[in-house]
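Read off the chains here:
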Amino acid sequence: MGGDHAPGEIVAGAILAAPLIKGKILLVGQKEAIEKFGPLPSNIEIVHASEVVGMDEKPVEALRKKKDSSLNVAVRLVKEGQATSMVSAGNTGAASAASLLAWRQMPGIHRPAIATVMPGKHGRFLLLDAGASPDIDPEQIVEFAVMGRAYAEIVMGKTNPKVHLLNMGEEPGKGNAFAKQAYNLLESHAWFAGNIEGKDLGKEPIDVIVCDAFVGNIVLKTAEGVAEFILSEIKESAMASWQSKLAFLPIRKYLRPLREKLDYAEYGGSPLLGLNHLCVICHGRSNARAIMNALLVADKAAQFDLIDSMKERIVGIQNL
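In short, a report on the structure. (Residues numbered from 1 in each chain as written. Predicted model: local features only at pLDDT ≥ 70, side-chain atom pairs only at ≥ 80, totals over all residues. Heavy atoms only, no water.)

**Comments concerning the packing of helix 1 (residues 8-17) against helix 11 (residues 288-303)**
Okay, step 1: Between helix 1 and helix 11, the shortest axis-to-axis distance is 7 Å and the interhelical angle comes to 50 degrees. The pairing of helix 1 with helix 11 is recorded here as oblique in orientation. The handedness of the crossing between helix 1 and helix 11 is right-handed. Where helix 1 abuts helix 11, its residues E9, I10, A12, G13, A14, L16 and A17 lie against A288, R289, I291, M292 and L295. (Axes fitted to C-alpha atoms, helices over the stretch in contact; angles between N-to-C directions. Helix = DSSP H or I, 4+ residues; strand = E, 2+ residues; numbered from the N terminus. Parallel < 35°, antiparallel > 145°, perpendicular 65-115°, else oblique. Left-handed = near helix turned anticlockwise from the far one by under 90°. Contact = heavy atoms within 4.5 Å.)

What follows is the structure in structure tokens.
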């Protein structure tokens, strides 16, 4: 029930994903509102939840007052083993809080992290934390790195992924006290590839980038804003006159891959890593294609036992 275009686009996305998923999709929310967008495929079921947490509500307060909200019901279904994960385009703070309160952190993880897939010249890479934990200790950066490597390898198919620390310079010793201490903790691991600057995010070969959520969320939203600005400027320039329209037509097909690479909908949602179950957080403005891709991300993570694999790697790091 959450998101700017809910429940219509959510239902449409589930319908698109249904033939691509072996198991079931549970649509949690107000039954009458969801049924308006049917009929539904046989592997989609509706689980009624009478209340909705609004996008502008205070997360913890809303969850406490609205026991039968779609978020509370969804996290309960996962906790009870009736579902493997939750996908939400609703209130991000409420989705994160509900997941954390119900599922708790996996052993060895102190703070969860939102892992966001981003486009680059050499393929997609993972940025975390993109918004979950802005106030952390340097030790949590190592936890983020281990979780990010596991996700990049298991879900994204990367072999022996390397980890960079987002910093204001490439050289060791750069950055504030937090960044310097994080670097010192990371450099003992063979998979650590050093610092990376913001200007190199799109052009260098990258697997995983780690940072705190305050920095990561600013980077993510700045990148999204710049991408949207570039695409809108291209479109505006192309449509400015009949001459520009004629000039644009021959190259339009060559620009289509660029538009798809920069389109958030192609990446689905961002997993909230570090909990005992998986929550995939989507843009509030998610359309049907974005929801479909988010559901496929959750399904793939479940098929490859992402959470159990991540727990094993955390224990391995602690035993070093």
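Having seen the model, we can carry on.
**Observations regarding helix 4 (residues 70-79)**
Okay, step 1: In terms of burial, helix 4 is a largely internal element, 8 of the 10 residues being buried.
Okay, step 2: Turning to helix 4, its buried residues are S70, L71, N72, V73, A74, V75, L77 and V78.
Okay, step 3: Contacts made by the buried residues of helix 4 are with strand 1 (25-29), strand 2 (44-48), helix 3 (59-65), strand 3 (85-88) and helix 5 (92-103).
Okay, step 4: At the exit of helix 4 stands G81, carrying a positive phi of roughly 85 degrees. (Buried < 20%, exposed > 50% of the residue type's maximum accessible area, 1.4 Å probe, protein only.)

**A look at the side chain of S85**
Okay, step 1: One can find S85 in strand 3.
Okay, step 2: Of the residues examined, S85 reaches a relative accessible area of 18% and is grouped as buried.

**Thoughts on the pattern of salt bridges**
Close approach of charged atoms allows side chains of opposite charge to pair.
Okay, step 1: Counted under the stated rule, the structure contains 8 salt bridges.
Okay, step 2: With a shortest N-O distance of 3.6 Å, D200 and K203 are connected by a salt bridge.
Okay, step 3: Of the residues examined, K203 reaches a relative accessible area of 44% and is grouped as partly exposed.
Okay, step 4: One salt-bridge network, held together by shared partners, links K199, D200 and K203. (Salt bridge = Lys/Arg side-chain N within 4 Å of Asp/Glu carboxyl O.)

**Quick look at the sheet that holds strand 4 (residues 113-114)**
Okay, step 1: Spatially, the 4 strands line up as an open sheet ordered 3-11-10-4, and their pairing is mixed. Both edges of this open sheet fall to strand 3 and strand 4, since each of them pairs with a single strand only.
Okay, step 2: Sheet topology places strand 3 next to strand 11 (residues 278-281); 4 bridges connect them, and they run parallel. Within strand 11, the position partnered with V87 by the bridge is V280.
Okay, step 3: With respect to the sheet, helix 5 is in contact with strand 3, strand 4, strand 10 (270-273) and strand 11, its orientation differing from that of strand 11 by roughly 180 degrees. (Pairing = 2+ DSSP bridges.)

**Here we look at the nonpolar core**
Okay, step 1: Counting 55 residues, the largest nonpolar core has L128, L186, V210, L273 and L306 as its most contacted members.
Okay, step 2: When residues of this core are assigned to their parent elements, the largest contribution, 10 residues, is made by helix 6 (residues 138-154).
Okay, step 3: Discounting residues that sit within four places of it in the chain, V210 has contacts with L128, I141, F144, A145, V163, H164, L165, L166 and L186.
Okay, step 4: Among the nonpolar cores identified, the runner-up in size contains 25 residues, and V73, A74, L220 and L275 belong to it. (Core = buried A, V, L, I, M, F, W, Y, C linked by side-chain atoms within 4.5 Å.)

**A few points about the sheet that holds strand 9 (residues 208-210)**
Okay, step 1: The strand order 5-6-9-7-8 describes an open sheet built from 5 strands, whose pairing is mixed. Two strands lie at the open edges of the sheet, namely strand 5 (116-118) and strand 8 (192-196), each paired on one side alone. Adjacent strand axes in the sheet meet at a mean angle of 30 degrees, parallel and antiparallel pairs treated alike.
Okay, step 2: Sheet topology places strand 7 (residues 163-166) next to strand 9; 3 bridges connect them, and they run parallel. Considered in strand 9, the bridge of V163 is made with V208.

**A look at the environment of I34**
Okay, step 1: Within the secondary structure layout, I34 lies in helix 2 (residues 31-35).
Okay, step 2: Sequence separation of I34 and V47 is 13 residues, and the distance between their C-alpha atoms is 10.0 Å.
Okay, step 3: Those residues in contact with I34 that sit more than four places away from it in its chain are M1, V11, L27, V28, G29 and I46.

**Examining unusual backbone geometry**
Okay, step 1: Looking along the chain, the bond that leaves A6 and enters P7 is cis, with omega of -5 degrees.
Okay, step 2: Within the secondary structure, P7 is located in the segment before helix 1.
Okay, step 3: The omega torsion of the bond from L128 to D129 falls at 15 degrees, within 30 degrees of zero and hence cis.
Okay, step 4: By the secondary structure assignment, D129 is in the loop between strand 6 (125-128) and helix 6.
Okay, step 5: The phi dihedral of N160 is positive, around 45 degrees, even though this residue is not glycine.
Okay, step 6: Along the chain, the position of N160 falls in the loop between helix 6 and strand 7.
Okay, step 7: A positive phi is found at D305, a non-glycine position, where the angle reads about 50 degrees.

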